[in-house]
Structure formats: C-alpha cells, structure tokens
Amino acid sequence: MSRVAEALIGEYFASGTLAQLPSRHFINGQWCSPASGRQLETFDPGTGRAFAAVAAGDAEDVELAVAAADKAMNETWRKVLPVERSRILQRAAEGIRTNAERLAIVECLDNGKTLDEARGDVRSAARLFEYYAGAADKLQGDSIPLGPDYVSFTHLEPVGVTAHIIPWNYPFSTAARGLAPALAAGCTAVLKPAEQTPLSALLLAEILHQAGLPAGVCNVLTGTGAEAGAPLVANPKVCHVTFTGSVGTGSLVMQAAARNITSVTLELGGKSPAVVLADCDLEAAVEDVLWGIFSNAGQICSAGSRLIIERSIHGEFVERLALRAAQLTLGHGLKNPHIGAITSLEQLNKISAYVDEAKKRGVNVVVGGARGVDPQSGEGWFFQPTVLDNLGPMDRLVQEEIFGPVLAVQVADSVEEALLLANATPFGLAAGIYTRDITKALRLARDIDAGQVYINEYFAGGVETPFGGNKLSGFGREKGLEGLGSYCRSKSVTARI
Ligand code: NAI
Ligand code: MG
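The sections below set out a description of the structure shown in this document. (Residues numbered from 1 in each chain as written. Chains lettered and ligands numbered in written order. Predicted model: local features only at pLDDT ≥ 70, side-chain atom pairs only at ≥ 80, totals over all residues. Heavy atoms only, no water.)

Before going further, it helps to spend a moment on the coordination of the magnesium ion (ligand 2). Looking at the magnesium ion (ligand 2), the protein donor atoms are F43 (O), D110 (O), D110 (OD) and Q196 (O), and they sit 2.4 to 2.5 Å from it. Under the relative-accessibility criterion, F43 is labelled partly exposed at 33%. (Donors = N, O, S within 2.8 Å, 3.2 Å for Na, K, Ca; no water. Buried < 20%, exposed > 50% of the residue type's maximum accessible area, 1.4 Å probe, protein only.)

Below, the structure is given as structure tokens:
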C-alpha cells in the first residue's frame, strides 16, 4: 500500500474523519456556501457513523449553479477550441490518477465499498476522461450531396447546459461517465450527487478546475433529491438531463423535463439474468456468476441478480456457488474484505425486508440470508451474500430489483425456456450467457431483450462499450462514442450557389 494511503487510513481510524474534505458547493469555479446555511451529514456505512457534512442545497443554489453554467456556455466554453477542450480533459485524467489513492479512500468511506473496488472506480473515471479527451476534436458533421447547385453540410453543436443526477452506488465513476462526454462535446454541466455519497463529485469538480476548466463550466451542488435535484431538472435553462437511479425517480425526472421539452437519458434499474447452460465451463462460470452479483455488495444496476440455470447442472452449480459465497468476508471497506457495506441503513432495511419475507414463506435460503457486521468492530451496515433457490417466474424476488447481495435462482429445462425466463421481467438492462457453444450464445444474445449482453464474462467491456437499458431499465446510451450523442445536436446548413 502507498504511504499516502497508509497515512490517510491511519488518520481516519484515529479521528473518525479526514482533514480537508469538501463541505460546500462548487459553483462558478469556487467553493460556495448554501443559501440556507444548512448542512447534511454523510455516513460511513462501514461504521454507521457520520464522518463529514456537506451543503444542503436548495432551489436558490440551483439557480446560481445553472446561471453560472449558462453564462460559461455562452461567454467562454463555446469559444474554447476543441483541441483545448481535449487537453483539459486529458489533464483531468492525469489529475485523477495523481490523486487516486485519496479519491479511492474518500469514495470507500462515503459509499462503503472495498478499497480495491473504489480504486477500480477511480481508474475507470480517469479512463473516461482520457477516452473522451480523444473524441473532443473529432466531432465532425457530414457533407450532403444535393447536386451542383447547392452546398449542404452538418455541424455537431453542443446542446448547452446539461444536468447530471447521480446515484450512490458508483458516485465517482458515474459522475465521470456523464461529465466527460458532456464536456468533450462542449456542453457545460451542473451535477448533483446522491445525498448519501456527495464527497467524490466535489473533489472531481476541483480536479477539473485545476486541470484548466474555466469557471462555471462544471458545477457540483449537493443536497437531497427533493430540495436540490427536483429544481435542477425542472430548470428551463437545462437542455439535457442525464439521470441514473430508480425507476420511480426516473419517471419523475422525465415528467419534469417534459414540461420544458428537455431531452433525458435514463439509466434505471435491472434484474439481469446470468443464463448458465449445461455445456459451460462450470468452474469458471461459478466464479463469474459469484462476482456478477456480489461485487459492490450487489448494489449495481446491471448486477447478475438472477441465475437461470439448466436443470442437469442446477444442483452441482448452486452447491459450489454457496460454498464460495460462504467463504467471502464482510468488513469495513478500508480493510479490503471481499465484500463491503450497504451504502445506507435504508437500503439495508430494504434488502433485509425482501429476504425476511422470503424466509417467512419458506423460500430455500441456500447461503446467507442475514445482516452482518464488521468482524473487528461489530459495527456497520452489512448483508451476507445470499442465494435463494428455485424461484417461480412471477416471484417478487425474480421480478423486483432488490439492489443488494441477493441472487435469485431459476431452473430451466431447455435453452428455449431459459430465454423465456430471461425476458420475463419488466427490465432489460444486461444479461450474461455461459456456454461453450458460440452459436447458442449468439442466438441467445440476439433474442435477449437487454442493452448489453456478456458472453462467458459478466461485465465484459470497458468505457468504449455503450451502456444503457431497454424497457423499464431506461433509454439512451452512455459510454463509448454513442455516449456523446446526448450532448451533441446536428445543424444542417444548405446554400444555393
Ligand atoms: P433515487 O433514484 O431516488 O436517487 C438517485 C438520485 O436521484 C439521487 O441523487 C437523488 O437525490 C436524486 N433524486 C431523488 N428524487 C429526485 C427528484 N424528484 N428529482 C431529481 N432528482 C431526484 O434512488 P434511491 O432512493 O437512492 O434508491 C432507491 C432504489 O433505487 C434502490 O434500492 C435501487 O433499487 C434503485 N437504484 C438504482 C440505481 C441504478 O444504478 N440504476 C442506483 C441507485 C438506486
Ligand atoms: Mg456516505
């Protein structure tokens, strides 16, 4: 471990907090106190105790942030050369890498994930800025052939001020996933992180500013969904809203945006299947399905939260999976166990309620099924990795997103039945397929209704791969070159000559 990390971790366990954490909004290039003067505590899920406080923003602060973004759009950012935008984003990627250990530790404390998971998130955030830095000066239009008497071409213009509403499961990398393409396309931004995990987005705003981003181009304001999120998405100066979170809130965001004819990208929930066929590499598939659901304590929109398995290998597969799940350690994220904490007490209660209800009606809990604690301190918000076997297709454990380390197992008698089960939920975010038969795999990939399909490796892909959902999982795509689409609009110019 680096000396920086060692010192910070020592400081945290000795004092219960870290020095120099951000506590105010970042608006128009500076730290800015909330109009109301109120603050919100943020908790370390690994202990269950508050360790910092941030501004409780409201409509007045939103107005200020949007005005700064609007002014920056018209007066500065529009005039900056594409190559210069590219250089700023490249420097931001370097800034993230330089500060990686502190960022990862702050993320780990605010969210509860393991330090290694937080390090991975910080790496992918840096990679997002690097990737979109490379795109900033390549956003070209077309020339349209209308014959000798006309010249016709398209420009790709930035849409303007963009709003970003971020959830608590991947605070830093989700912020980067929206900001990097928006800034690359020449848009300005106002970002509101989740109230449970506000710190890393504030640190990101500071890094972008240090990388040379002009004042007002990226503003971050903290606060609750009702007090800060709602006025932001309803602001008529906002030209596009990128939202990641629950289906219910996504629908509210879309309704608020509709009043202003503002476009939205909605990245919502999932109940994604891992479809395991009898001819798979069993050992590799067990390990992959395990991490498909238990990574980030299962708090992943695209988690493989359903296992759909062919009957002939069902018994052996579930037995091996349960053995591995029982070996996984829980603990405070900074101690780098296998599985970190659940980000909020509210979310822990939600997970527990699902599992308690399942137990009451006699569902077979193969492993786990209860809350946990950090083994050294006896504190914190944890849930054991849990496998629930043999569920019917309409069971609520199959139909509803739990958003925790809970795997629902469904047994299929054929590949055809596996496909029917895979598609039989209201969601369509991701799917995993495990088989040695590439034809079967590609046919399933064709027929499964999901925004992304992984074959023989769950979460395969990178920042280059477009990501988004179908059905209740939302619409629009982030990451990859497609991720720029929401932030650009085309203008055609046609001249008679
Ligand atoms: P949420 O969808 O309410 O919160 C996500 C973000 O939206 C937060 O920044 C929140 O402050 C903001 N927000 C809330 N109400 C708003 C409004 N009216 N206008 C604008 N912004 C608003 O999610 P919540 O309540 O934290 O979690 C509930 C469930 O949502 C979880 O149990 C899980 O099933 C799902 N979820 C899905 C995520 C995903 O990645 N797709 C991420 C987080 C939660
Ligand atoms: Mg927190």
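Still to come is the rest of the account.
In this section: the site of ligand 1. Contacts to ligand 1 come from 28 residues, most closely from W168, E195, S246, Q347 and K350. The contact in question runs from a nitrogen atom of ligand 1 to an N or O atom on the backbone of A230, over 3.5 Å. E401 has a polar side-chain atom sitting 2.8 Å from an oxygen atom of ligand 1. About the coverage of ligand 1: the protein hides 86% of its 810 Å² of free accessible area. (Near = heavy atom within 4 Å. Polar contact = N/O pair within 3.5 Å; in protein donor to acceptor, adjacent residues only side chain to side chain. Areas by Shrake-Rupley, 256 points an atom, 1.4 Å probe, with all protein chains shown as cover.)

What follows concerns the pattern of salt bridges. Taken as a whole and assessed by the stated rule, the structure comprises 29 salt bridges. When the shortest N-O distance is used, the salt bridge between D116 and R119 registers 3.0 Å. Of this pair, D116 and R119 are both found in helix α5 (residues 115-133), three residues apart, which corresponds to roughly one turn of the helix. Note that R177 and E267 form a salt bridge whose closest N and O atoms lie 2.9 Å from each other. With a gap of 90 residues between them, R177 in helix α6 (residues 171-184) and E267 in strand β10 (residues 263-267) connect regions that are remote in the sequence. Accessibility expressed as a relative area gives 11% for R177, which makes it buried. Overlapping salt bridges, with partners in common, bring together E357, R361, D395, R396 and E400 in one network. (Salt bridge = Lys/Arg side-chain N within 4 Å of Asp/Glu carboxyl O. Helix = DSSP H or I, 4+ residues; strand = E, 2+ residues; numbered from the N terminus.)

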